Number of protein chains: 2
Amino acid sequence: MRRHSFDLVDYQILQELQVDARKPAAEIARKLGLNERTVRNRIDRMVEAGAIRLTCIVDPNYFGYVITADIFLEVDLDREQAVIEALLAMPEVSYLAFGQGTQDLSIEVRFKNNEQLREFLRSGLPAIPGVHVKGYALVPRILRNIDEWMPPPEDFTAE
Amino acid sequence: MRRHSFDLVDYQILQELQVDARKPAAEIARKLGLNERTVRNRIDRMVEAGAIRLTCIVDPNYFGYVITADIFLEVDLDREQAVIEALLAMPEVSYLAFGQGTQDLSIEVRFKNNEQLREFLRSGLPAIPGVHVKGYALVPRILRNIDEWMPPPEDFTAE
DNA sequence: GCTGAAAATTATGCATT
DNA sequence: AATGCATAATTTTCAGC
């Protein structure tokens, strides 16, 4: 998958972009002592390589989605694709991953109150053919998510 | 928490920013038939309100972190704060949340190979005083994460 | 892959509605 | 809140190294 290799200058640029994806390349260049064009070239290269994505993260809490839960599902194998599509179409689902077993799926869901979660567990999920709820757990608070993740600096060294 | 209320125009702007956080306001304005100034004002308002964050998502796979696992921990209560700080300082930890029990923490970790994961489970985690590994599960593939989440359009309606 | 300079585009500050 | 305008800053294009 990896084609380019990035160095510590790229790493510093990344850190700036993580704080503010719209920070002007000229400003980053000044701060890091680089040429403006160099900064823009490196940003473009990282984006085009697929190493990073400059995007907009919406805060669920701000919009009232204060309840988070992890739900563990078992899915009939012949319905797997349809189930995944159904789950991805649901705005409540903020995370979806395959689980360890061949029939397992894990999801994380967001709701405005416990009643909506209860309804989802009792009616929303069972309404999808082939889905079986194995269990769930409330998530009182999330302290880090993928949007705050970054590889260690050791991964940014020219070959 | 919610102070402002956003409308469907904001929602459309969000969708543009989710594709490319650096998309010029002028371009978004042209596409949506809005004034440039209006687009910038609305972006600024959403960011300042804390409803959205414009950031840089790093792809773990690109950097060789092809192994993902969920690990369930139990933490001695008097060590909780120190444990959280230790975990947040680890670049392997891409997700950290409180679990349902008063002593439970869930983490998601990324590694370049199974050996590193094994080493982390055997040595890395036990080296943190007060941490007990309750179990773990490999995550074969993640299909959606918080960076792709967005509230439904119903949440964008003027009061 | 880095940098320079002019042209085009975009962002900012201020004022008006 | 939205917008027009003048000014400032940034990005882009095209080029050479």
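Thresholds applied
- Residue positions are given per chain, counting from 1 as you read along its sequence in written order.
- To label them, take the chains in the order written and letter them from A, then take the ligands in the order written and number them from 1.
- Local features in this predicted model are restricted to residues of pLDDT 70 or higher, and side-chain atom pairs are both shown and tallied only at a pLDDT of 80 or more, whereas totals for entire chains, interfaces and linings draw on every residue.
- Only hydrogens and water are set aside; all other atoms, that is, all heavy atoms of the structure, feed into the side-chain values.
- Counting from the N terminus, the helices are the DSSP runs of H or I reaching at least four residues and the strands are the DSSP runs of E reaching at least two.
- Each residue is placed in one exposure class: buried if its accessible area under a 1.4 Å probe, protein chains only, is under 20% of its type's maximum, exposed if it is over 50%, and partly exposed if it falls in between.
- Here, residues are in contact when the closest pair of their heavy atoms is within 4.5 Å.
- In this description, accessible areas are obtained by the Shrake-Rupley approach with a 1.4 Å probe, and a residue is regarded as covered only by the protein chains that are shown.
- The convention is simple: Lys and Arg are positive, Asp and Glu are negative, and His and the chain ends are not counted.
- For charged residues, the charge sits on one atom: NZ in Lys, CZ in Arg, CG in Asp, CD in Glu.
- For this analysis, a salt bridge means a side-chain nitrogen from Lys or Arg found within 4 Å of a carboxyl oxygen belonging to Asp or Glu.
- Put simply, buried area is how much 1.4 Å-probe accessible surface two parts lose in total, over both of them, once they are put together.
- A 3.5 Å cut-off defines polar contacts: any pair of N or O atoms within that distance qualifies, except that in protein one atom must be a possible hydrogen donor and the other a possible acceptor, and neighbouring residues in sequence count only when both atoms are side-chain atoms.
- Charged means Asp, Glu, Lys or Arg here, nonpolar means Ala, Val, Leu, Ile, Met, Phe, Trp, Tyr, Cys or Pro, and polar covers whatever is left, Gly included.
- Paired strands, as defined in this entry, are two strands with at least two bridges between them according to DSSP.
- Each copy is superposed on the other by least squares, with the fit set by C-alpha atoms of residues at a pLDDT of at least 70 in both.
- UniProt positions are given in the numbering used here, feature names are shortened, and annotations may be inferred rather than shown by experiment.

The number of helices and strands found in chain A is five helices and six strands. Each principal axis of the C-alpha distribution contributes one length, and for chain A these read about 60 × 35 × 25 Å. Split into buried and exposed, the 159 residues of chain A put 45% on the buried side. Residue pairs at least 24 apart in sequence account for 68% of intrachain contacts in chain A once pairs closer than 6 positions are excluded. Of the roughly 7800 Å² of accessible surface on chain A, 48% is carried by carbon and sulfur atoms. Each charge sign in chain A was given a centre, from 19 positive and 25 negative side chains, and these centres are 5 Å apart.

This next bit is on the pattern of salt bridges. Applying the stated criterion across every chain, the model contains 22 salt bridges over all chains. Between A:Arg110 and A:Glu108 there is a salt bridge whose closest N-O contact spans 3.5 Å. Assigned by exposure class, A:Arg110 and A:Glu108 land together as buried. Among the ionic pairs, B:Lys112 bridges to A:Asp155, the shortest N-O distance being 2.4 Å. You can see B:Lys112 sitting in the loop between strand 4 (104-111) and helix 5 (114-124) and its partner A:Asp155 sitting in the segment after strand 6 (142-144), one on each of two chains. Judged by relative accessible area, which is 8%, A:Asp155 ranks as buried. Each of A:Asp7, A:Asp10 and A:Arg42 takes part in salt bridges that share partners, so that together they form one network.

What follows is about the interface of chain B and chain A. Chain B puts 69 residues into the contact, and the matching count from chain A is 70 residues. Approximately 6500 Å² of surface area, both sides summed, lies buried where chain B meets chain A, with 57% of it carried by carbon and sulfur atoms. The largest per-residue losses of area from chain B upon contact with chain A belong to B:Arg22, B:Tyr62 and B:Trp149, which jointly make up 15% of the total buried on that side. For the pair chain B and chain A, the number of links is 41 residue pairs in polar contact (both at pLDDT 80 or more). When grouped by side-chain class, the residues that make up the side of chain B that touches chain A number 44 nonpolar, nine polar and 16 charged. The sheet contact formed by strand 3 (residues 93-98) of chain A and strand 6 (residues 142-144) of chain B spans two bridges and is antiparallel. Each bridged residue has a counterpart across the sheet, and for A:Ala97 the counterpart in strand 6 of chain B is B:Ile142.

For the pair chain B and chain A, the superposition axis carries a translation of 0.0 Å, the fit reaches an RMSD of 0.1 Å, and the rotation angle comes to 180 degrees. The transformation relating the two chain copies, once decomposed into turn and shift, fits a two-fold axis. For chain B, the smallest separation between a C-alpha atom and the rotation axis is recorded for B:Arg22, amounting to 2.5 Å. Interface overlap between copies is the fraction of interface residues in one copy that are interface residues in the other; for chain B against chain A it reaches 100%, indicating a shared surface.

Moving on, we come to the environment of B:Lys23. Take B:Lys23: it is sitting in the loop between helix 1 (8-19) and helix 2 (25-32). With 97 residues separating them along the chain, B:Lys23 and B:Phe120 place their C-alpha atoms 40 Å apart. Among all residues touching B:Lys23, those that are not within four sequence positions of it are A:Arg22, B:Glu16, B:Ile28 and B:Lys31.

Another aspect to go through is the UniProt feature "domain: HTH asnC-type" (unreviewed entry) in chain A. Under the feature "domain: HTH asnC-type" (unreviewed entry), the UniProt entry names residues 6-66 of chain A. Counting secondary structure, residues 6-66 of chain A comes out at 56% helix and 11% strand; the distance between its end C-alpha atoms is 38 Å.

Attention now goes to the side chain of A:Arg110. Along the chain, A:Arg110 falls in strand 4 (residues 104-111). Among the residues examined, A:Arg110 registers a relative accessible area of 5% and is labelled buried. Polar side-chain contacts of A:Arg110 include one of 2.9 Å to the side chain of A:Ser94. In contact with A:Arg110, not counting residues within four places along its chain, are A:Pro60, A:Tyr65, A:Ile67, A:Thr68, A:Glu92, A:Ser94, A:Ile142, A:Asn145, B:Ile146 and B:Trp149.

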